[in-house]
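As a plain string of letters, each chain reads:
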Amino acid sequence: DGGITQSPKYLFRKEGQNVTLSCEQNLNHDAMYWYRQDPGQGLRLIYYSQIVNDFQKGDIAEGYSVSREKKESFPLTVTSAQKNPTAFYLCASSISASPATQYFGPGTRLTVL
Amino acid sequence: AQKVTQAQTEISVVEKEDVTLDCVYETRDTTYYLFWYKQPPSGELVFLIRRNSFDEQNEISGRYSWNFQKSTSSFNFTITASQVVDSAVYFCALSAPGTASKLTFGTGTRLQVTL
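Since this is a predicted model, take the numbers as computed values, not measurements.

### So, the overall build of chain B
Step number 1: When its secondary structure is counted, chain B shows zero helices and 12 strands.
Step number 2: Order of helices (α) and strands (β) in chain B, N terminus to C terminus: β-β-β-β-β-β-β-β-β-β-β-β.
Step number 3: Its C-alpha atoms give chain B a radius of gyration of 14 Å, near enough to 13 Å, the size a compact globule of 115 residues would have.
Step number 4: In terms of its C-alpha atoms, chain B occupies a principal-axis envelope of roughly 45 × 30 × 20 Å.
Step number 5: Across the 115 residues that make up chain B, the buried fraction comes to 44%.
Step number 6: For chain B, the share of sequence-separated contacts (at least 6 apart) that also reach a separation of at least 24 residues comes to 56%.
Step number 7: Accessible surface for chain B amounts to roughly 5500 Å². Of this, 47% is attributable to carbon and sulfur atoms.

Here it is as structure tokens:
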């Protein structure tokens, strides 16, 4: 089945540790996105990538980093510089950069202890 | 700047009632796209509908219908004869051409449907 996978579903880390969230898609989509969702709030864009080896900052990129070495993969690293990393992280992809419908993965819930 | 407002934080209805979720948007673009997504308790956002600014026809899909009115900058979503499986958080979102399809989301409306 085609789709977007994110692993793991739940992730726990100690404060000060970097952590990498996985996002893989087999939809042959060009563009991929990372969003953060906090309780009672909408989604906020962290980073996005329109093509391999290229990505741009979203609205809340500070404390995060990404890479796009393969079309199928767009991992997100939450660094120790992120002041409040505990959140629900959602990855999405779309068939083309603009305009296009984004399809979402199941999300990763990160808790920093 | 783009903005999406979902003023209803939470709505509770009894099964089989009709319910309308409101969405008001702000944009300076003449061409734009509006979306509705559903987020069930599992967390994954499920795409429901996309509308472009030139198409003001209402859309109906089964028990779901959408009313797009440019005059009031609204894109409301109605569920007819609600069911318990409709319980979820619903998000309205806005995108404009040339923005790499970046979505501006509202804060969501939590719908609780009870028996």
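### Observations regarding the nonpolar core
Step number 1: In terms of nonpolar packing, the biggest core is built from 23 residues, with Trp36(B), Phe77(B), Tyr90(B) and Leu111(B) touching the most fellow members.
Step number 2: When residues of this core are traced back to their parent elements, those giving at least two are β2 (10-14), β3 (19-21), β5 (33-39), β8 (64-69), β9 (74-79), β10 (88-95) and β12 (109-114) of chain B.
Step number 3: Per-element tally for this core: the top contributor is β10(B), with four residues.
Step number 4: Ile4(A), Leu11(A), Ile60(A) and Ala61(A) belong to the second largest nonpolar core, which has 20 residues in total.

### Some thoughts on the confidence of the model for chain A
Step number 1: Overall, the predicted model of chain A reaches an average pLDDT of 92, with 96% of residues at or above 70.
Step number 2: Element-level mean pLDDT values for chain A span from 92 in strand β2 (residues 10-13) of chain A up to 97 in strand β7 (residues 64-66) of chain A.

### Comments concerning the pattern of salt bridges
Step number 1: Counted under the stated rule, the structure contains six salt bridges over all chains.
Step number 2: A salt bridge links Asp38(A) to Arg36(A); the nearest nitrogen and oxygen atoms lie 2.9 Å apart. Per residue, the accessibility class of Asp38(A) equals that of Arg36(A), and both read buried.
Step number 3: The salt bridge involving Arg63(B) is made with Asp86(B); its shortest N-O contact spans 2.8 Å.

### With respect to the layout of surface pockets
The gaps of empty space that remain are located by a probe, the size of a water molecule, rolled over the atoms.
Step number 1: One number sums up the size of the largest pocket: a volume of about 510 Å³.
Step number 2: In terms of lining residues, the largest pocket is bounded by 27 residues, among which Gln37(A), Gly40(A), Gln39(B), Val89(B) and Arg110(B) are the most central.
Step number 3: Sort the elements by how many residues they give to the lining of the largest pocket and β12(B) lands first, with four residues.
Step number 4: Among the residues forming the lining of the largest pocket, the class breakdown is nine nonpolar, 13 polar and five charged.
Step number 5: Put simply, the second largest pocket is a space of about 160 Å³.
Step number 6: Around the second largest pocket, the lining comprises 14 residues; the ones closest to its centre are Glu15(A), Gly16(A), Gln82(A), Pro85(A) and Val112(A).

### A look at the interface of chain B and chain A
Step number 1: Opposite the 22 residues of chain B that make contact, chain A presents 24 residues.
Step number 2: Each partner contributes to the roughly 1700 Å² buried at the junction of chain B and chain A, and carbon and sulfur atoms together form 55% of this total.
Step number 3: Counting across the interface, chain B meets chain A through zero salt bridges.
Step number 4: Counting across the chain B and chain A interface gives three residue pairs in polar contact (both at pLDDT 80 or more).
Step number 5: Mapped by element, the contributors of at least two residues to the side of chain B that touches chain A are β5 and β6 (46-52) of chain B.

What counts and how
- Residues numbered from 1 in each chain as written.
- Chains lettered and ligands numbered in written order.
- Predicted model: local features only at pLDDT ≥ 70, side-chain atom pairs only at ≥ 80, totals over all residues.
- Heavy atoms only, no water.
- Helix = DSSP H or I, 4+ residues; strand = E, 2+ residues; numbered from the N terminus.
- Rg over C-alpha atoms; globule rule 2.2 N^0.38 Å.
- Buried < 20%, exposed > 50% of the residue type's maximum accessible area, 1.4 Å probe, protein only.
- Contact = heavy atoms within 4.5 Å.
- Areas by Shrake-Rupley, 256 points an atom, 1.4 Å probe, with all protein chains shown as cover.
- Core = buried A, V, L, I, M, F, W, Y, C linked by side-chain atoms within 4.5 Å.
- pLDDT = per-residue confidence, 0-100.
- Salt bridge = Lys/Arg side-chain N within 4 Å of Asp/Glu carboxyl O.
- 1 Å grid on protein atoms, 1.4 Å probe; cavity = no way out; pocket = protein on both sides within 12 Å on 5 of 7 lines; lining within 4 Å.
- Points joined across faces, edges and corners; volume = space filled by probe spheres on them.
- Nonpolar A, V, L, I, M, F, W, Y, C, P; charged D, E, K, R; others polar.
- Buried area = accessible area lost by both parts, 1.4 Å probe.
- Polar contact = N/O pair within 3.5 Å; in protein donor to acceptor, adjacent residues only side chain to side chain.

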